Structure formats: C-alpha cells, structure tokens
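Structural description and commentary
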Amino acid sequence: MTATRPAPDGTRLGELWRILPEDAAANADGVLEIGGVAVTELAERFGTPLHVYDEAGLRRQIRRFVDGLRARWPNSDVLFASKSLPAVGMYRIAQEEGIAVDVAGGGELRMALAAGVDPDRLYFHGNAKTDVELRMALDVGIGTIIVDNDDELDRLERLLDRPQKLLLRVIPGVEATTHASQATGGLNSKFGLPIDQAMRAITRMQAHPLMVFEGVHLHIGSQILDTAQFAEAVAKISTVGTFGTYDVGGGLGVSYTYAEEAPSVESYLDAIVAAAQAHLPADARLLIEPGRAIVARAGVTLYRVTTVKRTGRTFVAVDGGLADQMDIALTQQRYEAIIADRLLEPWTETAQLVGRQCESGDLLVDGVRMPPARVGDLVVMPATGAYAYTMSNNYNGALKPAIVFAREGEARLVTRRETYHDLLATHAPAMADVLI
Ligand SMILES: Cc1ncc(COP(=O)(O)O)c(C=O)c1O
C-alpha cells in the first residue's frame, strides 16, 4: 500500500509531519504508519499503551550528531545520554552505531553492559553515587567516571586499586532558558562543583597516583532552544583551566508542538564548535551528551481511546496517562496528539486528552483539535521518544508499556509490557502464603 504525507483541509496534519518520526506517513486508508508499519497492526500485535520508535530515523539522527561533530572537531566523541531512553534495545543501537554511552547509576550501567556496550565506552554520571555503584563500575572496567563532588573523591580514594580516568563536573553558572526542573547549570545547581571548589578538587585528583584526571564536564540543562546558551557555557568552562578533555553535556531541545521551532543538529554543532574554537585548546577532545535530541522525535506513544465524555467540555480518555507520560506533569511541556487511524477526517472538535490516572493533572494535551473521538480510536502522541518510558511508573497499578522498533515494514519488540506478575513480584514478602 502506498504511504504519503497528506495535508487534508480541516486538519493541521501537514504541519505535524515535522514533529512525527522521519519515517512516518499515512496509508491509503488514512492510518498512520511508523517505519512502514500501520499503527492498527502495532496496536493489534503488541497492545496499548505502546512506545513505537522509527528505528531508521533514530539511527540517522545518531549519525547526524556523530558525523556533524567529527566534521567540525575531529578529536571528538558523542555520548548517548541514556537516561532519555534506558532500554537494552536502545543501548544495543548505540553500541552498533559506535557511540559512547553516559549512564547515571547502577541500573543504567547494568543495562548498557547487558546490551554489549564496551565498558571502556561508558561514562558514569551522578551527583550521589554510592560505594556499591562505584565498586560495580570499577569492577567492570568503566571507561570514565564523571566526578561530581568531594565525597565522591573520598570514596574513590578508598576504592581505587588501579588507574581510573576521571572528569570533574563543574557548575558553569549559566541559567538556561528552560523549565526550572530541567535547568542544571545555574550557580545554585545540585550537580557539580562551583569553579573555585572545582579547582581544589582538580588539584587533589592530579596529585593522586591512581586518579587519571582528563578534564572537565558541564551540563546546563535540557530542552534548550537557544544555542547561544551552549556557547556561553563553553566559554565559561574554559576559565577553569587547560585540560585534555572538555565534555560540554547535552540539552539540545526538540519541537513538540506546531509553535516550537527547535534548532537543527547542525546549528547546535556550529554554535558549540565555534565557541570551542574561540575558547578551548585546539588539541583538546570535545565530548557532547545528547539524549532528548536523539530519541524524542523518533518515538511516539500509541494509546487506545477508552472513554469519550461530552459534559460541556469533551474529555477523550485513553488507556494510559500520567504513569507513562510523567514528564508532562513535571515540566508542563505541551504536546500534540492525533487520532492516528482516522488521519484524513476533518478536526472539528476540541478535546481534553486525558489519561486514566486518578489526578486531574493527568492531562496529556489541553485542548487538542481532532475528529469527534470514538471509543476504540487509536491516538498517537508525537515526540514522546525521550523521558517517557524511563519515567513510567506503577501509579494506580499501571503496567509499564512495551517498546517496539519499526523499520522498513517490520516491527520488533525490544521491551515487553510489564505483567501483573511483574507488578506483584516485589511484593512477594507480603504474600509468602499466596501463589503469585
Ligand atoms: C549530565 C547529563 N548529560 C546529558 C543529559 C542529556 O540531556 P538531553 O536529554 O536534554 O540532551 C542530561 C540530562 O539532563 C544530563 O543530566
């Protein structure tokens, strides 16, 4: 069946294609296809709610970062910030595409290793790493630890028994324009050390026989749409000193709505590399850590409408919600949504797209235009590939959704849906006499 990108009158579908995955199109029946697979088929085979990724688009986006950075600054590396999508299938893609991986905590470390990522390509983040996690990282031969604070240095002094590469996270003092919960580079940040304390910590590392201090790290936040702020951070970090490595973090924002216009990967790279050329040593290694900008657009969430209520306002309720789109509640980010199996019908109604969790704040999209919804319709929320699955939780006993990668007409399950058995498993101590 031929797939196209129609823009029917009475809809804004034409504008949505730039937010939907790169390999998304409509088939002749007006059903959305992701990676060449119709959402009707995906819902039937894998159930809903479901996280669906356009695998080819995801891989292309990784290559844009890797090739674009290498062309501008050859002594460089791209680290996938895996907190944005910590799924073994995704770590495997990172490994296959040859990018390094940033892990924040023992769980992400274990998943990366399970996917076969070379430990030497792992960078270990965290402002509160424990002895157990550091021991685990050292035991597997982790490539680089990004030290956050002096307590962590105390721990490493106790635990190190061979040389270990280290970077130090520094607070650059750049207040990024983003939601407060996503800004991490201002002077009051809980992450990293202010420049004066950082200098003392660097002296301490340089004096230690097993601490191989390589350079400094910064990260000013997430969903940042002004590339000048990345450049400002590069300039600030250069004042800490001359080192071999500068990791300038992640944070490039993406377009979630009709109105938002995120910078391209190319313009982002132009900005940071111009700043690096102006402020960093020419032979330094330059690292970046994109997460959201790699996975957000490639992923959509697929829901089925369970209830439609017209009580003055129209409430369209789906079979997921806050439990699988936590980031909306945390950041109040606006998203869009479409009825994905009725793409060609005019959008004649304004609805509140709501979830099934017991909170009025469980509002997925406030005032979305769509055809008059019916029970059983399939709803797609575009650009939900980052920070949705990873923050999914069991609120109201919700089961964490499955993840499917679709490519060239084939869909493969990479993370299965949680089951009630999984849900009960950790409660086994309370059910010693009951079979689960
Ligand atoms: C240290 C660090 N690096 C990279 C990232 C990735 O950020 P983003 O997903 O916005 O690119 C984060 C997330 O906030 C982070 O904390």
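Residues numbered from 1 in each chain as written. Predicted model: local features only at pLDDT ≥ 70, side-chain atom pairs only at ≥ 80, totals over all residues.

Quick look at the overall build of the chain
What the chain contains, in helices and strands, is 13 helices and 20 strands. Its C-alpha atoms give the chain a radius of gyration of 23 Å, near enough to 22 Å, the size a compact globule of 436 residues would have. Of the contacts formed within the chain by residues at least 6 apart in sequence, a portion of 69% connects residues at least 24 apart. (Helix = DSSP H or I, 4+ residues; strand = E, 2+ residues; numbered from the N terminus. Rg over C-alpha atoms; globule rule 2.2 N^0.38 Å. Contact = placed C-beta atoms within 7 Å.)

Observations concerning the UniProt feature "modified residue: N6-(pyridoxal phosphate)lysine" (unreviewed entry) in the chain
Following the UniProt record, the feature "modified residue: N6-(pyridoxal phosphate)lysine" (unreviewed entry) maps to Lys83 here. With respect to the helices, strands and loops of the structure, Lys83 is situated in the loop between strand 5 (76–81) and helix 4 (88–97). Excluding anything up to four places from it in sequence, Lys83 contacts Ala104, Glu108, Gly291 and Thr390. (UniProt positions renumbered as here; feature names shortened; annotations may be inferred.)

Overview of the domain arrangement of the chain
As assigned here, the chain comprises domain 1 (13–53 + 298–424) and domain 2 (73–295). With 22 residues of domain 1 at the interface, the matching set in domain 2 holds 17 residues. Mapped onto the side of domain 1 that touches domain 2, the elements with two or more residues apiece are helix 12 (326–331), strand 19 (402–407) and strand 20 (410–415). (Domains from an automatic or database assignment.)

Here we look at the packing of helix 9 (residues 227–238) against helix 10 (residues 265–279)
Their axes nearest at 8 Å, the elements helix 9 and helix 10 cross at an angle of 25°. Taken together, helix 9 and helix 10 sit at an angle that is classed as roughly parallel. Along this stretch, helix 9 crosses helix 10, giving a crossing that reads as right-handed. Here helix 9 contributes Thr227, Ala228, Phe230, Ala231, Val234, Ala235 and Ser238 to the contact with helix 10, which in turn contributes Ser267, Tyr268, Ala271, Ile272, Ala274, Ala275, Ala276 and His279. Residues of the contact of helix 9 with helix 10, tallied by class, amount to 11 nonpolar, four polar and no charged. (Axes fitted to C-alpha atoms, helices over the stretch in contact; angles between N-to-C directions. Parallel < 35°, antiparallel > 145°, perpendicular 65-115°, else oblique. Left-handed = near helix turned anticlockwise from the far one by under 90°. Nonpolar A, V, L, I, M, F, W, Y, C, P; charged D, E, K, R; others polar.)

As for the site of the ligand
Lining the immediate surroundings of the ligand are 16 residues, of which Ala81, Ser222, Gly250, Gly291 and Arg292 lie closest. Partitioned by chemical class, the residues of the shell around the ligand number four nonpolar, eight polar and four charged. (Near = placed C-beta within 6 Å.)

A short note on the environment of Glu214
Within the secondary structure, Glu214 sits in strand 10 (residues 211–217). Ignoring any residue separated from it by four or fewer positions in sequence, one finds Glu214 in contact with Lys165, Leu166, Leu167, Phe243, Gly244 and Thr245.

A short note on the nonpolar core
Membership of the largest hydrophobic core comes to 130 residues, with the highest contact counts inside it found for Val39, Ile272, Val379 and Val380. Among the elements that make up this core, the one with the highest residue count is helix 10 (seven residues). Built from parts of two domains, this core gets at least three residues from each of domain 1 (13–53 + 298–424) and domain 2 (73–295). Beyond its immediate chain neighbours, meaning those up to four positions away, Val39 contacts Val31, Leu32, Ile34, Leu302, Ala340, Asp341, Leu378 and Val380. (Core = buried A, V, L, I, M, F, W, Y, C linked by C-beta atoms within 7 Å. Buried ≥ 20, exposed ≤ 12 C-beta atoms within 10 Å, placed from the backbone.)

Considering the pairing of strand 20
Where strand 19 lies against strand 20, five bridges are found, and the strand directions are antiparallel. Residue pairing for strand 20: Ile403 is matched across the bridge by Thr415. Hairpin remark: strand 19 followed by strand 20, antiparallel, with two residues in the connecting loop; positive phi at Glu408, about 50°. (Pairing = 2+ DSSP bridges.)

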